[in-house]
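# Structure assessment
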Amino acid sequence: MPSDPQNELSLDSASDAGEAHAFAHVRHQPPHPLVEVWRDFRESKGALAGLAVSVALVLIAIFAPWVAPHSPIDQDQSAFLQPPAWLPGGSWTDPLGTDAVGRDLLSRLIFGARLSLFVGLLVVTLSLAVGVVLGLLSGFYRGWIDSVIMRLVDIMMAIPSLLLAIAIVAILGPSLVNAIIAIAIVNIPFYIRLTRASVVAESAKDYVMASRVAGAGHLRLMFSTLLPNCTAPLIVQATLGFSSAILDAAALGFLGLGAQPPTPEWGTMLADSMQFVQSAWWVVTFPGLAILITVLAFNLMGDGLRDALDPKLKR
Amino acid sequence: MTSFFLKRLALIIPALAGVSLLTFALVHLIPGDPITIMVGIRGLTPERHAEMLHQLGLDKPLWQQFLMYDWNALHGDLGRSIFTRQPVMTEFLQRFPATVELSLAAIVFAIVIGLPAGVLAAVKRGSWIDHTVMTASLTGYSMPIFWWALLLILLFSVQLGWTPVSGRLSAEYWITPHTGFMLIDTLRENDFDAFENALWHLILPAIVLGTIPLAVIARMTRSSMLEVLGDDYVRTARAKGAAPWRVILVHALRNALIPVVTVTGLQVGMLLTGAILTETIFSWPGIGQWMVQAINQRDYPVIQGGILLIACAIILVNFLVDLTYGLIDPRIRHPR
Amino acid sequence: MTALLDIQNLRVEFGAADQPFRAVDGVSFTVRPGEVLGIVGESGSGKSVTSLALMGLIAYPGRVSAERLMFDGQDLLALPPKRRRTITGGDIAMIFQEPMTSLNPAFTVGWQIMEALKIHGGGSTRSRRDRAAELLSQVGIPDPRRRLDTYPHQMSGGMSQRVMIAMAIACNPKLLIADEPTTALDVTIQAQVMDLLLHLQQERGMSLILITHDLAVAAEAAHRVLVMYAGQVVETAPADMLFDDPRHPYTEALLAALPERARGQRRLNALAGVVPGQHDRPRGCLLGPRCPYAQERCRREQPMLHGDTQRQVRCFFPLAASRTSIPQSA
């Protein structure tokens, strides 16, 4: 019997193995999981937009000194509180206007991107590192380690995060670095909880038992076997944690406890600007807008990631 | 049900003990002591300094200070503010109602708008309504709330002149604080002008504070509804010939609300965080503002007592949420 | 006798308009009053989707179309939604496969039955409560009055299914559709629930559409049987004739796959391959790739359903009468 050239024959061994069929049956090669994630991610226009903006922001941050028209701390004594270029009194040398001491707003915002992205990255790295390790220990060993760590988590989560962060900054002294440390510390409980929950759920599964039986040591079990399978929710939380770190740093800056003037951190810029709500709206609007756009972009990405990874989680 | 209740109650005590330990440790790690701050650059003779420290009991060994503190705390005595000399508990009780009133208003706002929005978005999945709700919510919690507050002030107070900029009540009104809730107190005195005034003062801060909870509630409701709408019993309800609205509001929503209630309860922590910023901008005399001041002034008793009481409040609310959860979900009320 | 249910060329499609997935492809059958029709087929055959379509439970983005979808003289497709809903749950009722998840966990069993009564008739709360208790006892639940206030999670699978049945017959339906009613239950309970269903069917003169993949159940319970494959009807016949004397290769394969038929063999007679999905539907006969008798014509054209009012088969080369031997392994 001639076989259909398009398809390959594949026979079930439990059936009439010898009979040739006129028909065919397609062979399926499942695509690589990362490719599938990307495909699902691509489906959401919002997520793509978020990704595009995030990439743009990263580029702006990296190339800030070349992108920005002026230095962020140079004061132009002749142009205090100049409105944006498209309003009367503005000029294109300072496209978004200037602040109370004549600094170009656009340049400050661009350098501020550097700071904010740096803050986000550092905070997430620190809290992820500590949180994941503690979560692994907690979920893996259980017993008294688990009790102690989880009690600590409960206690930390019983205090509003900003309050705790403010208290920590008060101990360490107000500065951007201390703000980063404070926010990282405050975020650790979330990662501990998340990791622990994943570890506990996965530990009950057969592949972990198999590794154990094969003689894998504790470290190997924790980091090579369990951890890779708990990454999906962690990735999503990390993306969202990145954006909330930016918001928290801005909040601390706003309260005068984060980056100190003249550092062009977006929150700090807003702290100075409260008095100009009526007279110079651009000093108030643009830094906040910058924060909004950045955080929104990363949140959209995080959402898209969550949706793309979710079927994997469920599977 | 009672065992559920008692188990939850038992977990509270170690949590509180832990919080008091943590805050004690934190507070005493803050460099500088309150006396130096109070006195400022002028400086004090070392003897006078030591004398004042002794007066405030700050020279005893730390562990002793901690135990004494806890003992007093159980009796409701959290010490006195170093600056105002008032008992911490008294100051807290004076200011707490303001924060509670603001938070309640914020949560009401968040639920009244967020819940229907989430249900609608789920039912009309993929439509423009869905996209609008999702985008608006996402924007809502991507914004720095102090900026949002400034924008709203810019629009409604400065440009339109509809709402006042700060405080709870305009200077020309005087209300004897009874419950501490401005809305209630003004009504008690039958002063409807003052009531209206207080309401106007409340609106903007409530909207600002309620924005993030609104976003969270809308999204949570939507995702919970979407899950529930795919459940078998919804299909059964349709197979019974129930009208679509009945299927959604009676059958689906009832089950979808369970996780939403949990999330809303957890929002209390978020609310207090937001309250700190909101109260600062609107000069709202609540505990958020109180705490920021205290930290800047190194007012130990206030910081310690304040955090302890706030944590107490949060733990209490979480406890109440757990109970509500039990009420809504029959599986917890009547275990097999 | 005029048919209670008359379906001609029912089609249910999902997915993109240009490349739709036909879950149900040209299904036609009739059900007479008091008749038990069994619909058998494996997963993916479209049997459940057919019943959901006639209940009006296919939601967007599914699209239902038919030449004729008549119930009790009414054209279901032409009815406005509100009118259609009076029939759904009233004259036509349905019970599902998973009783444990098919009842709303937030409401008592009594409330749910009373709701069905309220939607289709009303009556005071008291009268509905009495009726609900009566229904519970009719389905064999002891201590019915007390059971009215229990929650679904407090009941076992068998009891949940009885409650589902009670809810379904509450409004005295003319047609009851049971979609795999016993599949999710323990074996010992399965027989009890089937007995209950058949007993109620006979007592009330209801028509029953019994959807199952279990041939034994269909053989015992049904008057007539419909065999479905990949969204199409491949054979229909009175039950005894179908099982003694199958005409379609697929029916034969289903029968051969019964463990009883493999007595004395080392292996069960499984039919190779799987039901075609959306992307690998053959151009010719849908069973072609798996059919041991497939020939050239089967690869080129799709066979149509042909036969008389009693028996119909969709095959170019239907099996000869009284052929009972099964092709042996080479």
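Rules used throughout
Residues numbered from 1 in each chain as written. Chains lettered and ligands numbered in written order. Predicted model: local features only at pLDDT ≥ 70, side-chain atom pairs only at ≥ 80, totals over all residues. Helix = DSSP H or I, 4+ residues; strand = E, 2+ residues; numbered from the N terminus. Rg over C-alpha atoms; globule rule 2.2 N^0.38 Å. Buried ≥ 20, exposed ≤ 12 C-beta atoms within 10 Å, placed from the backbone. Contact = placed C-beta atoms within 7 Å. Nonpolar A, V, L, I, M, F, W, Y, C, P; charged D, E, K, R; others polar. Axes fitted to C-alpha atoms, helices over the stretch in contact; angles between N-to-C directions. Parallel < 35°, antiparallel > 145°, perpendicular 65-115°, else oblique. Left-handed = near helix turned anticlockwise from the far one by under 90°. Expected span 1.5 Å × (residues − 1). Bend = angle between axes of the 7 residues up to and from the residue. Pairing = 2+ DSSP bridges. pLDDT = per-residue confidence, 0-100.

## What about the overall build of chain C?
- Along the backbone of chain C there are 12 helices and 13 strands.
- In summary, chain C has a C-alpha radius of gyration of 21 Å against a globular reference of 20 Å for 330 residues, a match within 12%.
- Projected onto its principal axes, the C-alpha positions of chain C cover 65 × 50 × 40 Å.
- A burial count over chain C gives 45% of its 330 residues as buried.
- For chain C, the share of sequence-separated contacts (at least 6 apart) that also reach a separation of at least 24 residues comes to 64%.

## Some remarks on the overall build of chain B
- The secondary structure content of chain B amounts to 14 helices and zero strands.
- Ordered by position from N to C terminus, the α and β elements of chain B give α-α-α-α-α-α-α-α-α-α-α-α-α-α.
- Counting only C-alpha atoms and orienting by the principal axes, one finds that chain B spans roughly 85 × 55 × 40 Å.
- A total of 336 residues make up chain B; the buried ones form 43% of that total.

## A short note on the interface of chain A and chain B
- Taken residue by residue, the interface counts 33 residues in chain A and 33 residues in chain B.
- Those elements that place two or more of their residues in the side of chain A that touches chain B are α5 (143-158), α6 (161-172), α10 (231-254), α11 (266-273) and α12 (281-314) of chain A.
- Considering every element that reaches the side of chain A that touches chain B, the biggest residue donor is α12(A), with nine residues.
- Class assignment of the residues belonging to the side of chain A that touches chain B gives a composition of 25 nonpolar, six polar and two charged.

## Considering the packing of helix α7 (residues 157-169) of chain C against helix α8 (residues 187-204) of chain C
Residues and elements named next belong to chain C.
- Between α7 and α8, the shortest axis-to-axis distance is 10 Å and the interhelical angle comes to 15°. In terms of orientation, α7 lies roughly parallel with respect to α8. Every pair of crossing elements has a handedness; the one defined by α7 and α8 is right-handed. On the side of α7, the interface is formed by G157, G158, Q161, R162, I165 and I169, while α8 contributes I189, Q192, V193, L196, L197 and L200.
- Grouping the constituent residues of the contact of α7 with α8 by class yields seven nonpolar, four polar and one charged.

## Points about the packing of helix α6 (residues 128-140) of chain B against helix α9 (residues 192-229) of chain B
All names here are of chain B.
- Viewed as axis vectors pointing N to C, α6 and α9 meet at an angle of 140°, and their least axial separation amounts to 8 Å. Relative to α9, the element α6 lies oblique. Crossing of α6 against α9: the hand is left-handed. In this structure, α6 uses V133, S137 and G140 to contact α9, whose residues at the interface are T211, I212, L214, A215, A218, R219 and R222.
- Here the contact of α6 with α9 is composed, by residue class, of five nonpolar, three polar and two charged.

## Structural notes on helix α11 (residues 244-282) of chain B
- Helix length check: α11(B), at 39 residues, gives a terminal C-alpha distance of 45 Å against a target of 57 Å (1.5 Å per residue), a shortfall beyond 12%.
- Along α11(B), the largest kink reaches about 50° and is centred on B:L253.

## Structural notes on unusual backbone geometry
Residue and element names in this part refer to chain C.
- Phi angles above zero are rare outside glycine, and D143 is one such case at about 55°.
- Looking at where D143 falls in the secondary structure, it is placed in the loop between α5 (125-138) and α6 (144-147).
- Given 11 C-beta atoms within a 10 Å radius, D143 is considered exposed.
- Even without glycine at this site, E180 takes up a positive phi of about 50°.
- Following the sequence through the fold, E180 ends up in the loop between β8 (175-179) and α8.
- The class for E180 is partly exposed, based on 19 C-beta atoms found within 10 Å.

## Observations regarding the interface of chain B and chain C
- Chain B puts 18 residues into the contact, and the matching count from chain C is 23 residues.
- When contributions to the side of chain B that touches chain C are tallied by element, the ones reaching two or more residues are α10 (232-239), α11 and α14 (330-333) of chain B.
- Looking at the side of chain B that touches chain C residue by residue, the classes come out as five nonpolar, five polar and eight charged.

## Concerning the sheet that holds strand β10 (residues 224-229) of chain C
Residues and elements named next belong to chain C.
- Taken in spatial order, the eight strands make up an open sheet running β7-β8-β9-β3-β10-β11-β13-β12, and their pairing is mixed. The sheet is open, and its two borders are formed by β7 (92-95) and β12 (306-307), each paired with just one other strand.
- Alignment of strand β11 (residues 232-238) against strand β13 (residues 312-313), held across two bridges, turns out to be antiparallel. Each bridged residue has a counterpart across the sheet, and for T236 the counterpart in β13 is Q312.

## Describing the confidence of the model for chain B
- Confidence in the prediction of chain B, expressed as mean pLDDT, is 81, and 91% of residues score 70 or more.
- Ranking the helices and strands of chain B by mean pLDDT puts α10(B) first, with 91, and helix α2 (residues 34-39) of chain B last, with 60.

## Side note on the pairing of β10(C)
Residue and element names in this part refer to chain C.
- Counted residue by residue, β10 has six buried out of six residues, so it is predominantly covered.
- Here β10 shows two buried faces, one formed by R224, L226 and M228 and the other by V225, V227 and Y229.
- Across four bridges, strand β3 (residues 36-40) lies against β10 in parallel orientation. In the strand pairing of β10, I39 is matched with L226.
- With six bridges joining them, β10 and β11 adopt antiparallel strand pairing. Bridging across to β11, V227 finds its partner in E235.
- Counted between consecutive antiparallel strands, the loop separating β10 from β11 contains two residues, among which A230 sits at a positive phi close to 50°.

## Focus: the confidence of the model for chain C
Residues and elements named next belong to chain C.
- Within chain C, residue pLDDT values average 86, and 97% of them lie at 70 or more.
- Note on residues 325-330: pLDDT is under 50 here. Beyond four places in sequence and across chains, it has eight contacts.
- Scored by ipTM, the complex comes to 0.83, with pTM at 0.79.

## Topic: helix α8 (residues 206-213) of chain A
- Burial within α8(A) is sparse, with just zero of its eight residues counted as buried.
- Just downstream of α8(A), A:G215 is the residue with a positive phi angle, here 100°.

## Overview of the pairing of β3(C)
Residues and elements named next belong to chain C.
- Extensive coverage of β3 is indicated by the burial of five of its five residues.
- Residues V36, G38 and V40 point to one face of β3 and L37 and I39 to the other, with burial holding for every one of them.
- The pairing of β3 with strand β9 (residues 207-212) spans five bridges and is parallel. Among the inter-strand pairings, V36 is bridged to a residue of β9, identified as L208.

## Overview of the environment of A:L48
- Here A:L48 shows up in helix α2 (residues 45-62).
- Linking A:L48 and A:R193, residues 145 residues apart in sequence, is a C-alpha distance of 29 Å.

## Details of the environment of A:M209
- Here A:M209 shows up in helix α8.
- Residues A:M209 and A:I180 lie 29 residues apart in sequence; the distance between their C-alpha atoms is 40 Å.

## Remarks on the environment of A:S161
- One can find A:S161 in helix α6.
- Placed 56 residues apart in sequence, A:S161 and A:G217 show a C-alpha to C-alpha distance of 37 Å.
- Aside from chain neighbours lying at most four places away, what touches A:S161 is A:V186 and B:T273.

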